[in-house]
Each structure stands twice: as C-alpha cells, then as structure tokens.
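Single-letter residue listing:
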Amino acid sequence: MAIPEYERLTWAVVHCRGVLHTAHGANLVRTLATAGMVAGKESYYYMRYDDSPERDNVPMIFYAVMGDPKVDVVLHEEVEPVGKLFDAVVVMDSSLLLHRTSQRALILDGTKEDAVLVVNTSLPPERVLEIVGERQLAHDWRGSLVNIRARTYDPEIAYPLLGALAKAWNGIRIEDIIGALELLGKGEKASVVEEAYRDAEPIRVFLRAGERALGRLELPEARGWWDLETYRAYQAAAAGARTYEERMMAMPRWEVLAPGLIEFGPTPGEKNIGFTTSFERYLRPKVDKGKCTDCKLCYHYCPDGAMGFEAIVDLNYCTGCGICAEVCPVKAITMVGEWEAEKGLREEELLTIEEALREYMY
Amino acid sequence: MSLQPIRAPKELGSVDYYTSGHRTCAGCGPAIGYRLATKAAGPKTVLLGPTGCMYVANGHQFLTSPYAVPWFHTQLGGGGAAGIGTAAAFRALISKGKRRREEVNVLVYGGDGGFADIGYAGLSMALTYDYQRLLYILYDNESYANTGIQASSTTPWGATTTFTPTGKVKRIGNERMKKNVALTIAAHPGVRYVATSALYPPMDLANKVRKALNSGGPAFIQVLTPCPKGWFFDPKHTITLSRLAVETGAWALWEYEEGTFSLTYKPPKRRGLRDYMRMQGRFTHLSDEDIERLDRMIEEQWKLWLESDRQGRLILPWTPPPTPL
Ligand SMILES: Cc1ncc(C[n+]2csc(CCOP(=O)(O)OP(=O)(O)O)c2C)c(N)n1
Ligand code: SF4
Ligand code: SF4
Ligand code: SF4
Ligand SMILES: [Mg+2]
C-alpha cells in the first residue's frame, strides 16, 4: 500500500477536535506550509474528513506536506495518507490519546519511526508516554516528545505549539515560521512562538509496541449476497481494528453487501455495532443512582442513545455532550474529565467549549 | 389503530429506531428530535429524508447505519416526492393484494434547507394528496448546517452564518426575517394536522407526532432543534436553549387541526429574549438595543398568537420587521 513518492515528502499532522479547534488547526498547518515556502520548499496543506465530517468534538486531522520542488512531486490534492509517512504529530487535546480516532485508528499509526510528538497538556511527560505506549502504539517509536501547556502562552493555541514543534523537529526552522507569520499578517504572534520555542523541552524516547498491538485482525470469508452474518463480522472487525490500514481492510465492502447498495441496519433494540463514537468524548457523565428519581429525561434527551433507560451510560457511544447532566432535575449527574475518569489525573489544558466559541470564527 | 398519547416520558418506551452509532455533533438537537419522533412513531415506520446532517452524518459510516427501520436518503429537493411515492407504493401494493393490509407510517424528516427552501415546492405538492400516516417533519436548525452553516429562509434575523457574516459594512449578519413554514403549510386544505414543536416541553414532539399520524391525512410538523455547531453554543445547552426559545416566546408552539387553531404552550410570563439570544455565539455581535427591538416585535406578535388562540382561528401574526439599523 505504501507510496514511495509520499514517503519522500515531509509531513506534519495535527489532531484536534471538530469546531472547537477548527480555526486553530487550520492556522497551524497554514503557517507550517507557508514556513515551508519561506524555506524554499513546495508545500500544501489540507484537512481530511475521512468518515467523520467537521462536527462538534469529532476528532479531525489537518496535514501540512512539504517537498523539494526540484526532486519531489508535491501534492496538490487531498490524498489518503497510507504508509509510514508522518514526521511530526501535534495533538491539541490530550484526551484524543485516550481513544482510537475514527479516521486514523491510532494517532501514532502512520508515523515514521523517528517522529516527533507534540502534546498540548498539563500532564507530566511520563504520564503521556504511559498512555501512548498503552493505547497509541502499533509499532516501535524512537522519536521525541514535547509537552507544552499551550494555553498558558496564548489563547490561540496554534502559535505556542508551532514554537514547541520547531524546537523538537528539524523539518522546519523557527526563522522560517517567523517569516511565515510576517507573510500571513500575524507578525504580532512571533513573540509567542519564540517564547514557546525557548521553553519547550523535547525528550528523546523509545517505546516498544506491546504484543497486544500485534494481534492480527481476522477477516471473515464472504459467503454471498445478502449474507447478514458476514456483514456483521466485517462491521465488528472494522470497529475493532487497531490501525488505519487494518480498518480500511476491514470495512465491509460493497461486494459483500446486497445488490442495490442496501446496508443492514441494527434491528430494533440493537445499536449500530460498526461505528462507535467514544472518540468524541473528553468529558463523561457520572450518575449518582442514589439521587436518581427515574424520570427518564436524561434517557430521552441523549442525542446518541448512550444513556440507558435505567440511567447507565454506554461509553462506546457517549460523546460527552453534557446534556444529561444539564437536564437532570435532581442533579444526579456530574461531568468528569476523561483523564480523571480513566487515570485519576486532572488535565487542565482542556479547552473549554465556551472559550472556544469566542475564538472560533468562520 | 390509533397511537396513544404519552403522559409521562416513561411511556415512550425503551426501544430506539434511530439508535446509537452516528457521527452527529456532540449535543446535536436534530438527532434528539429524530430519536423522539421515531420512538413516537414506532416500529411500523419507513424513514425518509432529503440530504442534510440527518443523512450525511447518520448513514454510511463504515457502511453501517443507525436506523433500525427501513430508511431512504433522498436528493435534497426530493423529500416531498419521495414521501408520496412511498405512501403511494404501499397503497398500490395493498390494494393489489400484494401486501398485507396494515398501517405503515411514512415519516419524512428533513431540514430547513430541504423543506423550507430547496424542496419546498415538492413538500407543498405532496401535501395536496390524501395519503394517511404520511408525516413530514421539518427539523429546523435554522441553517444549511451540513455544508458548514449557510443562511436559509428560516435563519433568524441577526444571525451570523457563512453566507451572512457580520462585519464593518453589514453589522447585522442575516437581514432577512425567519420564514414560518408551518403557517404556510396551514394554508393547504388537504392537510389534517399542522404543528410547531420544540424539544421542550419534553414530550411535546412525541405527542404531536402521534396526533399527526392519527389524523387520517398528510401532516406536517416544524420542530425547532438547536444546533451547537451552527448556533455557537456549548453542546450541553441544547435543551436549555429549546426551553428558552419557548419561554421567551421566540418560538410559538401551536397546532392547527382541521381548521382549528390552538396554542399548545403559553408562557405564563414571557421571559426576556435576551436570555435566549445571549447564550448563542451567532448573535454576539448584536447590541442590547437590537435585542430589545426584537423583543418588542415578539411582544406584538404574541398579542396576535393569543388572539388566534382565543378565537380558535388563525390570524397571521405579522408585525413590522425591526427597522434596518
Ligand atoms: C441540490 C443540492 N444542492 C446542494 C447540495 C449540498 N448540500 C448537502 S446537505 C446541504 C444542507 C442541507 O441543509 P438542511 O436541509 O437545512 O439540513 P441540515 O444540513 O441543516 O441538517 C446542502 C446544501 C445537495 N446535496 N443537493
Ligand atoms: S447526553 Fe449524556 S450520556 Fe448522552 S452523549 Fe451526552 S453526555 Fe453522553
Ligand atoms: S435525569 Fe436524573 S433523575 Fe432523571 S432518570 Fe436521569 S439521572 Fe435519574
Ligand atoms: S451541525 Fe448541527 S444539525 Fe448538524 S450534526 Fe452538528 S449539531 Fe447536528
Ligand atoms: Mg438545516
């Protein structure tokens, strides 16, 4: 599947949350691509929807791609990046590390072995590495990690992240980023980038992928048209795939579906097993059953059918919107951060939505 | 068989027909409306709808879908025609004896782009037929949301959208007044039941869906469904905003059954519009004075809504629009 022309190029990817971070992610790759031009490279940037369009909280990915115009064929289209391509990965919300995204199954999947990872977080590096090793590694990674609390520098988090990235990564120089900011009319942000560059402390890391990650995906044999069982097996495999390539492979194919492009949906009482939505969540509800009066409002008002009839949350589907907590008449539901719920850690770098809404401009 | 009214949320039951596993925004109002409406309609339902968030974000993720009943994604202008086509097919199959005689609901759940603008003609045409259990629901998120929030004819005055950005030259954002689609549908003599609804009060939509399906003819409901992405608010506030929309009187809840008009919710004391507007990022550029002007307009409109309710007849609640500023 690997495409050598793509592998020769220099890639940076930015993982962020739809709507909350759209403007920040776009700023970051636009500045990077412009910095590439300042450095005499040819560059391109784009956003990919894959299976998830830009919607509140849905993980989304921006790409900046650079190459030498004399030898490389630089992209001019939004390609599907398959293979070991990425040189640098930026994560705007560290809770993205806690779940597999829908687009690329793992954040560090598709990286070159010496990739740089920059995470916007208040958590110490060892905690971040712990979770990366546990959840985000399909192959060995010997690269660098930079932790940065971007929001302590600037509400527009793209700029401190750029400074930190420049420090750890030889793919781009700080001078070129400053040059790009001038070109883009954002010269006033130069000091933010420089400050973050000065403070960033990249650490070298080597993480070995666990046995678990190497477990192979079992794909079913298609038996024929209208075969619901095969179809379900493909769906389950797609939902459980650990890497991007696995997931692409496991998606149920039109060939195994019925003629006329009919999909098999769930039967009443079931859920859509082929697509879970936990990746949207950075907060989760906690229900105090002692207080609950069984009014069913949280159940009926959950947009994702994740709150059960008996007020038990299905974490495969909960997107963490917070509606259930808001509508509960007896305040039996509280929202807790994903890091806190999973690891007992407080992540202060979570961008609150209210703040994001003030910043997000069309 | 007639569907029973729902007195308490418990009675709506625990089975979903539009179920988990879709990629709408966290806190999506139209998704809540879809869940409630399909639960009220029950298992003997076919779902249709013109393209928009409720189809683009709901169908085809890894070639799967969250619909537990048959569904069909129509062309953006085609919701009306697809609805009567489906209802006609059922009628034909039953009358030819090719299908058991049974009542099947045809529920077309379409956006404001799909029903207020692009597919409005088809909707209007469809409502001149006499098909029973054919229900059109307009989920009004007040924009073309799926394509990135463009103004539609139901976008309220003042709102920022990608088509109506606020700026130095045009401070206001959207300068057109929101079209009340349900009022225009009430002028179709063949329609048995027309209503407006919201996600608050909790069972308002579910009960109106049941009334509509029981009405014995084609029916229409316009339900206001807040959209966190397009209205710029924290997703947790979707229901809070639904509630504020009806309590401030910004959205009047009424039904029109065979010529008789009634309000289904009368705010005991109308809340100031400010509470509703100031929670939404799309109105942040409006001044207090702008909001007061709108509030006075709503005050005038409510005199007419209440008069309609008193007489049981529809009087168009027209008032002069806010003068250009
Ligand atoms: C004829 C046509 N024009 C434009 C489009 C692009 N398009 C797809 S979804 C959409 C928005 C529909 O808006 P609405 O009906 O309000 O639904 P929402 O997205 O708000 O849920 C548009 C414009 C299309 N699919 N077909
Ligand atoms: S309403 Fe509650 S359970 Fe449902 S998605 Fe939102 S936070 Fe999760
Ligand atoms: S809203 Fe609160 S009281 Fe009502 S069922 Fe849910 S948890 Fe219980
Ligand atoms: S844009 Fe609005 S209507 Fe569309 S999925 Fe998001 S919240 Fe729902
Ligand atoms: Mg719409």
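If you're wondering where the values come from, they're calculated on a predicted model, not measured in any experiment.

## Some remarks on a nonpolar patch on the surface
All names here are of chain A. A contiguous nonpolar surface patch, about 250 Å² in accessible area, is contributed by Val38, Leu183 and Leu184. Following the sequence through the fold, Leu184 ends up in the loop between helix H5 (174-183) and helix H6 (190-199). For Leu184, a relative accessible area of 34% translates into the label partly exposed.

## Some details on the packing of aromatic side chains
Enumeration over the complete set of coordinates arrives at 21 aromatic pairs over all chains. Pairing A:Tyr44 with A:Tyr46 gives two aromatic rings, centres 5.7 Å apart and planes at 40°, and the pair type is tilted. On the basis of relative accessibility, which here comes to 2%, the residue A:Tyr46 falls in the buried class. Ring plane angle 75° and centroid distance 6.0 Å describe the contact between A:Phe275 and A:Phe279, whose orientation is recorded as edge-to-face. Among the residues examined, A:Phe275 registers a relative accessible area of 1% and is labelled buried. We classify A:Phe279 as buried; its relative accessible area is 4%. By way of ring pairs, the aromatic residues B:Tyr18, B:Tyr34, B:Tyr55, B:Tyr67, B:Trp71, B:Tyr109 and B:Tyr139 are connected into one cluster. Geometry around A:Phe309 places A:Lys296 over its ring, the cationic atom sitting 3.9 Å from the centre.

## Topic: the site of ligand 4
Taken together, the neighbourhood of ligand 4 is formed by A:Arg55, B:Thr24, B:Cys25, B:Cys28, B:Pro30, B:Cys53, B:Asn141, B:Ala145, B:Cys227, B:Pro228 and B:Lys229. Residue composition of the shell around ligand 4, grouped by class: seven nonpolar, two polar and two charged.

## Thoughts on the coordination of the magnesium ion (ligand 5)
Residue and element names in this part refer to chain B. Protein coordination at the magnesium ion (ligand 5): the donors are Asp112 (OD), Asn141 (OD1) and Ser143 (O), at 2.0 to 2.1 Å from the metal. Between consecutive donor residues of the magnesium ion (ligand 5), the sequence gaps follow D-x28-N-x1-S. Taken together, the residues span a long stretch of sequence, with Asp112 in helix H4 (residues 112-118) and Ser143 in the loop between strand S4 (134-140) and helix H6 (181-185) at a distance of 31 residues.

## Some remarks on the site of ligand 2
As a structural note, the neighbourhood of ligand 2 is formed by A:Pro285, A:Cys302, A:Pro303, A:Met307, A:Cys318, A:Thr319, A:Gly320, A:Cys321, A:Gly322, A:Cys324 and A:Met335. Split into classes, the residues belonging to the shell around ligand 2 amount to eight nonpolar, three polar and no charged.

## Description of the pattern of salt bridges
In this structure the tally under the stated criterion is 54 salt bridges over all chains. A salt bridge links A:Lys112 to A:Asp87, with the shortest nitrogen-to-oxygen separation between them at 3.0 Å. In this pair, A:Lys112 is assigned in strand S5 (residues 111-120) and A:Asp87 in strand S4 (residues 86-91), connecting sequence segments 25 residues apart. B:Glu258 is the partner of B:Arg192 in a salt bridge, and the nearest nitrogen-oxygen pair spans 3.7 Å. Separated by 66 residues along the polypeptide, B:Arg192 in the loop between H6 and strand S5 (193-198) and B:Glu258 in the loop between strand S7 (254-257) and strand S8 (260-263) bring together distant segments of the chain. Judged by relative accessible area, which is 57%, B:Glu258 ranks as exposed. Salt bridges here are not isolated pairs; linked through shared partners, they connect A:Glu134, A:Arg135, A:Arg281, A:Arg284, A:Glu338, A:Glu342 and A:Lys343.

## A word on the sheet that holds strand S7 (residues 203-207) of chain A
Residues and elements named next belong to chain A. With mixed pairing, the seven strands of this open sheet are ordered in space as S2-S3-S1-S4-S5-S6-S7. Looking at which strands have only one partner, the edges of the open sheet turn out to be strand S2 (42-48) and S7. For this sheet, the mean angle separating the axes of adjacent strands, direction not counted, is 20°. Where strand S6 (residues 141-148) meets S7, five bridges bridge the pair, whose relative direction is antiparallel. Looking at S7, one finds that Leu145 is bridged to Ile203. Strand contacts of helix H2 (residues 22-38): strand S1 (10-17), S2, strand S3 (59-67) and S4, with the helix running at about 5° to S3, the strand carrying the most contacts.

## Quick word on the interface of chain B and chain A
Listed as interface residues are 58 residues of chain B and, on the opposing side, 56 residues of chain A. Regarding the contact of chain B and chain A, the summed buried area is about 4700 Å², with carbon and sulfur atoms giving 61% of it. At the junction of chain B and chain A, the tally comes to one salt bridge. The salt bridge partner of A:Asp294 is B:Lys10, with a shortest N-O separation of 3.5 Å. Inspection of the chain B/chain A interface yields 18 residue pairs in polar contact (both at pLDDT 80 or more).

## Comments concerning the nonpolar core
Within soluble globular proteins, side chains that are nonpolar tend to cluster in buried spots. Counting residues in each nonpolar core, the largest one holds 104 residues, and the members touching the most others are B:Met54, B:Tyr136, B:Val209, B:Phe220 and B:Trp254. The element best represented in this core is helix H1 (residues 29-41) of chain B, accounting for seven residues. Excluding residues that lie within four positions of it along the chain, B:Val209 makes contacts with B:Ala37, B:Ala40, B:Ala41, B:Leu135, B:Ile137 and B:Ile221. Counting 42 residues, the second largest nonpolar core, distinct from the first, contains A:Met47, A:Val116, A:Ala166 and A:Trp169.

## A few points about the side chain of B:His237
Relative to the assigned elements, B:His237 resides in the loop between helix H8 (228-231) and helix H9 (238-247). Not counting residues up to four positions away in its chain, the partners in contact with B:His237 are A:Glu326, A:Glu354 and B:Met279.

## What to know about the packing of H1(B) against helix H7 (residues 204-214) of chain B
Residue and element names in this part refer to chain B. Where H1 contacts H7, the two axes come as close as 8 Å, and the packing angle between them is 45°. Overall, the two elements H1 and H7 adopt an arrangement that is oblique. Regarding H1 and H7, the two cross each other, and that crossing is right-handed. Across from Gly33, Leu36, Ala37, Lys39, Ala40 and Ala41 in H1, the residues of H7 making contact are Leu205, Ala206, Val209, Arg210 and Leu213. Classifying every residue of the contact of H1 with H7 by side-chain character gives eight nonpolar, one polar and two charged.

## Quick word on the sheet that holds S4(B)
All names here are of chain B. The eight strands lie next to each other as S2-S1-S3-S4-S6-S5-S7-S8, forming an open sheet whose pairing is mixed. Each edge of the open sheet carries a strand with a single partner, namely strand S2 (71-74) and S8. Across the sheet, the mean angle from the axis of one strand to that of its neighbour is 15°, orientation sign disregarded. Where S5 and strand S6 (residues 219-224) come together, six bridges link them in parallel fashion. Looking at the pairing, Ala198 lines up with Leu224 of S6. Packed onto the sheet, helix H3 (residues 79-95) meets strand S1 (45-50), S2, strand S3 (105-111) and S4 and runs at close to 155° relative to S4.

## A word on the domain arrangement of chain A
Residues and elements named next belong to chain A. Looking at chain A, the domain boundaries give domain 1 (4-210) and domain 2 (282-354). Distance between the C-alpha centres of domain 1 and domain 2: 31 Å. The interface is formed by 23 residues belonging to domain 1 together with 14 residues belonging to domain 2. Contact between domain 1 and domain 2 buries roughly 1700 Å² in total, counting both sides, with carbon and sulfur atoms accounting for 57%. Applying the counting rule to domain 1 against domain 2 returns four salt bridges. Salt-bridge contacts for Glu349 lead to Arg149; the nearest nitrogen and oxygen are separated by 3.7 Å. Here the element with the most residues in the side of domain 1 that touches domain 2 is helix H3 (residues 125-135); it accounts for five residues. Tallied by class, residues from the side of domain 1 that touches domain 2 come to five nonpolar, 10 polar and eight charged.

## Overview of the packing of H2(A) against helix H4 (residues 158-168) of chain A
Residue and element names in this part refer to chain A. Running from N to C, H2 and H4 cross one another at 40°; their axes reach a closest spacing of 9 Å. As judged from the angle between their axes, H2 and H4 are oblique. As for how H2 packs across H4, the hand of that crossing is right-handed. Contact residues: H2 offers His24, Asn27, Leu28, Thr31 and Leu32, while H4 offers Ala158, Tyr159, Leu161, Leu162 and Leu165.

Reading guide: rules and limits
- Residues numbered from 1 in each chain as written.
- Chains lettered and ligands numbered in written order.
- Predicted model: local features only at pLDDT ≥ 70, side-chain atom pairs only at ≥ 80, totals over all residues.
- Heavy atoms only, no water.
- Patch = residues over 30% accessible without salt bridge, like charges linked within 9 Å, V, L, I, M, F, W, Y side chains within 5 Å.
- Areas by Shrake-Rupley, 256 points an atom, 1.4 Å probe, with all protein chains shown as cover.
- Salt bridge = Lys/Arg side-chain N within 4 Å of Asp/Glu carboxyl O.
- Helix = DSSP H or I, 4+ residues; strand = E, 2+ residues; numbered from the N terminus.
- Buried < 20%, exposed > 50% of the residue type's maximum accessible area, 1.4 Å probe, protein only.
- Phe/Tyr/Trp six-rings, centres within 6.5 Å; stacked < 30°, edge-to-face > 60°.
- Lys NZ or Arg CZ within 6 Å of the ring centre and 35° of its normal.
- Near = heavy atom within 4 Å.
- Nonpolar A, V, L, I, M, F, W, Y, C, P; charged D, E, K, R; others polar.
- Donors = N, O, S within 2.8 Å, 3.2 Å for Na, K, Ca; no water.
- Pairing = 2+ DSSP bridges.
- Axes fitted to C-alpha atoms, helices over the stretch in contact; angles between N-to-C directions.
- Contact = heavy atoms within 4.5 Å.
- Buried area = accessible area lost by both parts, 1.4 Å probe.
- Polar contact = N/O pair within 3.5 Å; in protein donor to acceptor, adjacent residues only side chain to side chain.
- Core = buried A, V, L, I, M, F, W, Y, C linked by side-chain atoms within 4.5 Å.
- Parallel < 35°, antiparallel > 145°, perpendicular 65-115°, else oblique.
- Left-handed = near helix turned anticlockwise from the far one by under 90°.
- Domains from an automatic or database assignment.

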